[in-house]
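Take a look at the letters that make up each chain.
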Amino acid sequence: CGATNSFSTFAVLEPDNLPPTADAGGDYSVAEGGSVSLTGTGEDPEDGPLTYAWDLDNDGSFETPGQNPTFSAAGLDGPGNQVVVLQVCDEQPACDTDEATVDITNVAPTVDAPSLAPQPSDEGDSVTASATFSDPGADDSPFTCTANYGDGSGDLAGTVSGNTCTGPAHTYADDGLYDVTVTVTDKDSAAGVSPVAAQQVDNVAPTVALAGESTTNEGGIYALSLDAVTDPGLDTVTEYIVHWGDGASDTFAAADVAAPNN
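Because the structure is predicted, anything quoted here is derived from the model rather than measured.

A. Region of the structure containing the overall build of the protein. Tallying secondary structure elements over the protein gives zero helices and 25 strands in all. Taking the principal axes of its C-alpha atoms as reference, the protein extends roughly 180 × 25 × 25 Å. Looking at the protein residue by residue over its 262 residues, the buried ones come to 27%. In the protein, once contacts between residues fewer than 6 apart in sequence are set aside, the share between residues at least 24 apart is 58%.

This is the structure:
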């Protein structure tokens, strides 16, 4: 009888690929205008190689490759937040995604030292303080501002035009050296204060108006009176010196002179 051969066919089944697991880390925090490093991780059940990509603006496109990119808050406004998404893929490719939130904090304006005009000034004259400022937020306007002239008058409301704050014209009541600052506040109530600028206010001599007869007899008594004594500052008159025009002069203590009420 003849021999008979029989053959069996076996199918080799490949195991199903298991997708990796993505972890976007976080949550994260960054000041507006700043940057923060993102720390993504991934795990693959088969321990295969993984690729990483991020969607940093949460628009569905994974435009930023790499496991640990830098998130920039330039051009963004705080307080607010931005969702970022990590995508991790194996070589098949099978992919997994995970998201995290980046908290964007508000930053106060940065204010330059004020410019003061005129500098120096005289007591009784007005002075104006102005300062430029910047803010890293995308839209922190409207801004408000104040100027403090350092003489106890407090914070006086100024006006903002572009990136410049201009304080109101201010009159110093007396001479001295005064510390001036400008404060700028953004729409989120964050306030930035400028460095101090020193305003020199100079003393001004009093003005005296005299009254008397236009003629007198030689050897007679000449009566001279004060019509007005004015001083732009808060100074106290301590003495009067009268130059009679003939080379002679007399000094009188202020307490001995009937001064007008000016």
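Structure's up, so let's keep going.
B. The state of the cysteines, seen in detail. One pass over the structure, following the stated rule, counts two disulfides. Each sulfur in the disulfide pair Cys-145 and Cys-165 lies 2.1 Å from the other. Linking Cys-145 and Cys-165, the disulfide has an S-S dihedral of approximately 85° and is accordingly described as right-handed. Of the two residues, Cys-145 sits in strand β14 (residues 144-148) while Cys-165 sits in strand β17 (residues 164-166), which places them 20 residues apart along the sequence.

C. The packing of aromatic side chains, seen in detail. The full count for this structure, using the stated rule, is three aromatic pairs. Ring centres of Tyr-149 and Tyr-172 lie 6.3 Å apart, and the angle between their planes is 80°; this geometry places the pair in the edge-to-face category. Linking Tyr-149 in the loop between β14 and β15 (155-157) with Tyr-172 in the loop between β18 (170-171) and β19 (176-185), this pair joins segments that are 23 residues apart in sequence. Connected via pairs of aromatic rings, a cluster forms that spans Tyr-149, Tyr-172 and Tyr-178.

D. Up close: unusual backbone geometry. In this structure, the amide linkage connecting Gln-119 to the following residue, Pro-120, adopts the cis form with an omega of 0°. With respect to the secondary-structure elements, Pro-120 resides in the loop between β11 (115-117) and β12 (121-122). A cis geometry characterises the amide bond from Ser-141 onward to Pro-142, with omega recorded as 5°. Residue placement: Pro-142 occurs in the loop between β13 (126-134) and β14. Its identity as a non-glycine residue notwithstanding, Asn-58 has a phi of 55°, on the positive side. Tracing the backbone through its elements, the reader meets Asn-58 in the loop between β5 (51-55) and β6 (64-65). Unusually for a residue other than glycine, Ser-189 sits at a positive phi of about 70°. Along the polypeptide, Ser-189 turns up in the loop between β19 and β20 (191-193).

Cut-offs and rules
- Residues numbered from 1 in each chain as written.
- Predicted model: local features only at pLDDT ≥ 70, side-chain atom pairs only at ≥ 80, totals over all residues.
- Heavy atoms only, no water.
- Helix = DSSP H or I, 4+ residues; strand = E, 2+ residues; numbered from the N terminus.
- Buried < 20%, exposed > 50% of the residue type's maximum accessible area, 1.4 Å probe, protein only.
- Contact = heavy atoms within 4.5 Å.
- Disulfide = S-S within 2.5 Å.
- Phe/Tyr/Trp six-rings, centres within 6.5 Å; stacked < 30°, edge-to-face > 60°.

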